[in-house]
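Structure assessment
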Amino acid sequence: MLDQKEIEIKVLESLKKVIDPELGIDIVELGLIRKIEIGDYLEDFKVYEYIKVVMTLTSVMCPFAD
């Protein structure tokens, strides 16, 4: 089982593959990720209860705001 910090690093590595379509830069490098919450590890199922990513948009006028 990985600790919370190791999971957070893996999540950020995965999110680096998400590219902003207008700017062509990944959302981590743009600083859009505000917080990562990781739920308890469920030993019976070998998974984390949840992983929640809180992020912001590039601007108020972002077309994905809806």
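In short, a report on the structure. Keep in mind that this is a model prediction, so the values were computed, not measured. (Residues numbered from 1 in each chain as written. Predicted model: local features only at pLDDT ≥ 70, side-chain atom pairs only at ≥ 80, totals over all residues. Heavy atoms only, no water.)

What follows concerns the pattern of salt bridges. Throughout the structure, instances matching the rule amount to 3 salt bridges. The salt bridge partner of Glu37 is Lys35, with a shortest N-O separation of 3.1 Å. The salt bridge involving Lys46 is made with Glu43; its shortest N-O contact spans 3.0 Å. Taking relative accessible area as the criterion, Lys46 reaches 54% and is therefore assigned exposed. (Salt bridge = Lys/Arg side-chain N within 4 Å of Asp/Glu carboxyl O. Buried < 20%, exposed > 50% of the residue type's maximum accessible area, 1.4 Å probe, protein only.)

Our next topic: the side chain of Asp26. Secondary-structure assignment places Asp26 in the loop between helix 1 (4-15) and strand 1 (33-38). Of the side chains bearing the opposite charge, Lys16 lies closest to the buried Asp26, which forms no salt bridge; the N-O distance is 6.5 Å. There is a polar contact of 2.9 Å between the side chain of Asp26 and the backbone nitrogen of Val28. Once you skip the residues sitting within four places of it in the chain, Asp26 turns out to touch Lys16, Val18 and Ile19. (Helix = DSSP H or I, 4+ residues; strand = E, 2+ residues; numbered from the N terminus. Lys, Arg positive; Asp, Glu negative; His and termini not counted. Polar contact = N/O pair within 3.5 Å; in protein donor to acceptor, adjacent residues only side chain to side chain. Contact = heavy atoms within 4.5 Å.)

A surface patch of nonpolar side chains, amounting to about 290 Å² of accessible area, comprises Leu42, Phe45 and Val47. On the secondary structure map, Leu42 appears in strand 2 (residues 41-42). (Patch = residues over 30% accessible without salt bridge, like charges linked within 9 Å, V, L, I, M, F, W, Y side chains within 5 Å. Areas by Shrake-Rupley, 256 points an atom, 1.4 Å probe, with all protein chains shown as cover.)

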